[in-house]
Amino acid sequence: MSEEMKALARRCEGCRNCPLGASRTNLVFGVGKVPSELMLIGEGPGEQEDLQGEPFVGPAGKLLDDMLEMIGLDRTRVYIANTVKCRPPLNRDPAEEEMAACRPWLEQQIALVRPKIIVCLGRIAAGEMIKKDFRITREHGQWFEKDGVKLMAIYHPSALLRDVSKRPETFADLRELRSVLRRETALYEK
Ligand code: URA
């Protein structure tokens, strides 16, 4: 991780912009390569992430690792963060106000990572990053563009654990992602 990202994470440690900062065990700031042409944004830490201080280390994280492997990548080559950096109690969805309070941290992470492509993991992240009324069932796998960055949402790995019938569509989305990464980034060149 870059020194600037480490310094940002240290500043975030003391954040009390929303009540989640008081109830969490560990801050789950983000992990991976800085800068990176690909950034993944999830929803928020679950139980395992809260205990270990790292995103996507529970069962959904194992599946995310498999999904990255399918497209020839791993978590050391990309940057992974969440819309909120502290665990919402009982794994509820993060509230709008909590995501808004956490957004400046995410914006600063994006500025340091400088991704060409952002993949939103699930409806909540897509609603925050792409558009409020994002419909994951209809709009997963489609490309959007904001401030020169391409964005796509795919089903959240937890949704794929719950409902395996969504997996073939996700494999197709990942193939599309890989072809754009091959064409528009240098991720596969080293
Ligand atoms: N689900 C998420 O959205 N993020 C994590 O870090 C873990 C599970």
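Residues numbered from 1 in each chain as written. Predicted model: local features only at pLDDT ≥ 70, side-chain atom pairs only at ≥ 80, totals over all residues. Heavy atoms only, no water.

1. Quick notes on the nonpolar core
Leu38, Met39, Leu40, Cys120 and Ile130 are the most contacted members of the largest nonpolar core, which has 61 residues in total. Here this core takes 7 residues from helix H5 (residues 96–113), the largest share from any one element. Sequence-distant contacts of Met39, that is, excluding residues within four places in its chain, are made with Tyr79, Ala81, Leu106, Gln109, Ile110, Val113, Pro115, Ile117, Ile118 and Val119. (Core = buried A, V, L, I, M, F, W, Y, C linked by side-chain atoms within 4.5 Å. Buried < 20%, exposed > 50% of the residue type's maximum accessible area, 1.4 Å probe, protein only. Helix = DSSP H or I, 4+ residues; strand = E, 2+ residues; numbered from the N terminus. Contact = heavy atoms within 4.5 Å.)

2. Here we look at the packing of aromatic side chains
If you walk through the whole model with that rule in mind, you get 1 aromatic pair. The ring of Tyr155 has Lys166 lying over it, and the distance from NZ or CZ to the ring centre is 5.3 Å. One cation-aromatic arrangement involves Arg182 over Tyr188; the distance from NZ or CZ to the ring centre is 5.6 Å. (Phe/Tyr/Trp six-rings, centres within 6.5 Å; stacked < 30°, edge-to-face > 60°. Lys NZ or Arg CZ within 6 Å of the ring centre and 35° of its normal.)

3. Describing the site of the ligand
Within the structure, the ligand sits among Gly42, Glu43, Gly44, Glu49, Pro55, Phe56, Asn82 and His156. Here an oxygen atom of the ligand and a backbone polar atom of Glu43 are 2.8 Å apart. Between the ligand and His156, the relevant distance is 2.8 Å, taken from an oxygen atom to a side-chain nitrogen or oxygen of the residue. The protein chains hide 93% of the 240 Å² of surface that the ligand would expose on its own. Looking at the shell around the ligand residue by residue, the class counts come to 2 nonpolar, 4 polar and 2 charged. (Near = heavy atom within 4 Å. Polar contact = N/O pair within 3.5 Å; in protein donor to acceptor, adjacent residues only side chain to side chain. Areas by Shrake-Rupley, 256 points an atom, 1.4 Å probe, with all protein chains shown as cover. Nonpolar A, V, L, I, M, F, W, Y, C, P; charged D, E, K, R; others polar.)

4. Here's the deal with the pattern of salt bridges
This structure, assessed with the given rule, holds 16 salt bridges. The partner of Lys132 in a salt bridge is Glu96, with the nearest N and O atoms 3.8 Å apart. Placement of Lys132 in the loop between helix H6 (123–129) and helix H7 (136–139) and of Glu96 in helix H5 is noted, with a sequence separation of 36 residues between them. Exposure remark for Glu96: the relative accessible area of 44% places this residue in the partly exposed category. (Salt bridge = Lys/Arg side-chain N within 4 Å of Asp/Glu carboxyl O.)

5. Regarding the packing of helix H1 (residues 3–13) against H5
Where H1 meets H5, the axes come as close as 10 Å, and the angle between the chain directions of the two elements is 175°. Between H1 and H5, the interaxial angle falls into the category roughly antiparallel. In this structure, H1 uses Glu4, Met5, Leu8, Arg11 and Cys12 to contact H5, whose residues at the interface are Trp105, Gln108, Gln109, Leu112 and Val113. Per-class residue counts for the contact of H1 with H5 are 6 nonpolar, 2 polar and 2 charged. (Axes fitted to C-alpha atoms, helices over the stretch in contact; angles between N-to-C directions. Parallel < 35°, antiparallel > 145°, perpendicular 65-115°, else oblique.)

6. So, the side chain of Asp50
For Asp50, the position within the fold is in helix H3 (residues 47–52). Buried charge without a partner: Asp50 forms no salt bridge, and the closest opposite charge is Arg87, 4.7 Å away. What Asp50 contacts, discounting residues up to four positions off in sequence, is Arg24, Thr25, Asn26, Val28, Pro45 and Arg87. (Lys, Arg positive; Asp, Glu negative; His and termini not counted.)

7. Structural notes on the packing of helix H4 (residues 59–70) against helix H9 (residues 167–184)
Between H4 and H9, the shortest axis-to-axis distance is 10 Å and the interhelical angle comes to 50°. With respect to their mutual orientation, H4 and H9 come out oblique. The two elements H4 and H9 meet at a crossing, and its hand is right-handed. Contact with H4, carried on its side by Leu63, Met67 and Met70, involves Arg167, Thr170, Phe171, Leu174 and Arg178 of H9 and no other residues of that element. Taken together, the residues that form the contact of H4 with H9 break down as 5 nonpolar, 1 polar and 2 charged. (Left-handed = near helix turned anticlockwise from the far one by under 90°.)

8. Some details on the sheet that holds strand E6 (residues 149–154)
In spatial order, the strands read E1-E3-E2-E4-E6-E5; together these 6 strands make up an open sheet with mixed pairing. Strand pairing shows two members of the sheet lacking a second neighbour, strand E1 (31–32) and strand E5 (144–146), which therefore form its edges. Two elements, strand E4 (residues 117–121) and E6, share 5 bridges in a ladder whose sense is parallel. Following the sheet pairing, Ile118 is matched in E6 by Leu151. (Pairing = 2+ DSSP bridges.)

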